[in-house]
Amino acid sequence: DVKVTQSSRYLVKRTGEKVFLECVQDMDHENMFWYRQDPGLGLRLIYFSYDVKMKEKGDIPEGYSVSREKKERFSLILESASTNQTSMYLCASSLGRVLSSNQPQHFGDGTRLSIL
Amino acid sequence: SQKIEQNSEALNIQEGKTATLTCNYTNYSPAYLQWYRQDPGRGPVFLLLIRENEKEKRKERLKVTFDTTLKQSLFHITASQPADSATYLCALGGRGSTLGRLYFGRGTQLTVWP
């Protein structure tokens, strides 16, 4: 079974801090994704990556950046945290663009981030 | 931009009945559609995938239909059980440079009562 591990289940940070959320997958997947999930808004894509050192913006990239130095690890960075970034953050991975376009995404259990 | 609507935010049914969840979309022609289940405090879990050239897919008590003319997918859970209570998400996927990216609906929260 694919395992996607997010470094923290709960995190509390202060406004203006630089925040790092880490995600690791153990199935050699090429694609990795970062979403945030808010009540009434559903899952919104922040950034995704098809390969090491490659990234693409999703629908709401403002205020975030990402890093993919190794294939198994995808990090989300809040450059200067703000209260409107309080949310549930979900990481996902999927097999890869070369093999098939219809692969399911495998999710971690999320990091509930509170910015005070 | 594409828009995905799931029939309602909440659906309550009695145990043993069939639950039917709806996913409608506009401004998009997906190559496939996926359904996920999400429990409180957990990430979504993949359930079923159906391609644009398929009308119906089944897996145990689950059935998915896909009508590209109506731009709609129906997700059925037969003989529903309280353990089926969760939020169900539909997701659309396409072709081209965004291979692998999915567009998610907001979900329908299903409650099955005894």
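Provided above is the structure to which this section pertains.
Attention here is on the structure that accompanies the text. (Residues numbered from 1 in each chain as written. Chains lettered and ligands numbered in written order. Predicted model: local features only at pLDDT ≥ 70, side-chain atom pairs only at ≥ 80, totals over all residues. Heavy atoms only, no water.)

### Points about the nonpolar core
W35, F75, Y88 and L110 of chain B are the most contacted members of the largest nonpolar core, which totals 25 residues. Only strand 2 (10-14), strand 3 (19-26), strand 4 (32-38), strand 5 (45-51), strand 7 (62-67), strand 8 (72-77), strand 9 (86-93) and strand 11 (108-113) of chain B provide two or more residues apiece to this core. With residues near it in sequence (within four places) discarded, F75 of chain B still touches A19, T20, L21, W35, L47, L48, L62, K63, V64 and Y88 of chain B. Counting 20 residues, the second largest nonpolar core, distinct from the first, contains L11, I46, I60 and L78 of chain A. (Core = buried A, V, L, I, M, F, W, Y, C linked by side-chain atoms within 4.5 Å. Buried < 20%, exposed > 50% of the residue type's maximum accessible area, 1.4 Å probe, protein only. Helix = DSSP H or I, 4+ residues; strand = E, 2+ residues; numbered from the N terminus. Contact = heavy atoms within 4.5 Å.)

### Structural notes on the packing of aromatic side chains
In this structure the tally under the stated criterion is 14 aromatic pairs over all chains. Pairing F33 of chain A with Y35 of chain A gives two aromatic rings, centres 6.3 Å apart and planes at 25°, and the pair type is stacked. Of the two residues, F33 of chain A and Y35 of chain A, neither departs from the other in class, the shared state being buried. With 6.0 Å between their ring centres and 15° between their planes, F33 of chain A and F48 of chain A make a pair best called stacked. Taken together, the residues F33 of chain A in strand 4 (residues 31-38) and F48 of chain A in strand 5 (residues 42-49) connect sequence positions 15 residues apart. We note that F33 of chain A, like F48 of chain A, is buried. Through successive ring pairs, a cluster of aromatic residues spans F33, Y35, F48, Y50 and F107 of chain A together with Y36, F46 and F104 of chain B. (Phe/Tyr/Trp six-rings, centres within 6.5 Å; stacked < 30°, edge-to-face > 60°.)

### Some points on the interface of chain A and chain B
With 24 residues of chain A at the interface, the matching set in chain B holds 21 residues. Carbon and sulfur atoms supply 49% of the area that chain A and chain B bury against each other, a total of about 1,900 Å² over both sides. Here R101 of chain B and D59 of chain A are joined by a salt bridge, their closest N and O atoms 2.5 Å apart. Remark: the boundary between chain A and chain B carries eight residue pairs in polar contact (both at pLDDT 80 or more). Looking at the side of chain A that touches chain B, the elements that each hand over two or more residues are strand 4 and strand 5 of chain A. Looking at the side of chain A that touches chain B, its residues break down into ten nonpolar, ten polar and four charged. (Buried area = accessible area lost by both parts, 1.4 Å probe. Salt bridge = Lys/Arg side-chain N within 4 Å of Asp/Glu carboxyl O. Polar contact = N/O pair within 3.5 Å; in protein donor to acceptor, adjacent residues only side chain to side chain. Nonpolar A, V, L, I, M, F, W, Y, C, P; charged D, E, K, R; others polar.)

### Re the sheet that holds strand 6 (residues 56-59) of chain B
Residue and element names in this part refer to chain B. Spatially, the five strands line up as an open sheet ordered 1-3-8-7-6, and their pairing is antiparallel. Looking at which strands have only one partner, the edges of the open sheet turn out to be strand 1 (3-6) and strand 6. Put simply, the sheet's adjacent strands are angled 15° from each other on average, direction ignored. Across six bridges, strand 7 lies against strand 8 in antiparallel orientation. Each bridged residue has a counterpart across the sheet, and for T65 the counterpart in strand 8 is L74. (Pairing = 2+ DSSP bridges. Axes fitted to C-alpha atoms, helices over the stretch in contact; angles between N-to-C directions.)

### Quick notes on unusual backbone geometry
Residue and element names in this part refer to chain B. Non-glycine residue N27 carries a positive phi angle of around 55°. The residue N27 is located in the loop between strand 3 and strand 4 in this model. Since its relative accessible area comes to 59%, N27 is described here as exposed. Of note, E60 is a non-glycine position whose phi angle comes to about 55°, a positive value. Take E60: it is sitting in the loop between strand 6 and strand 7.

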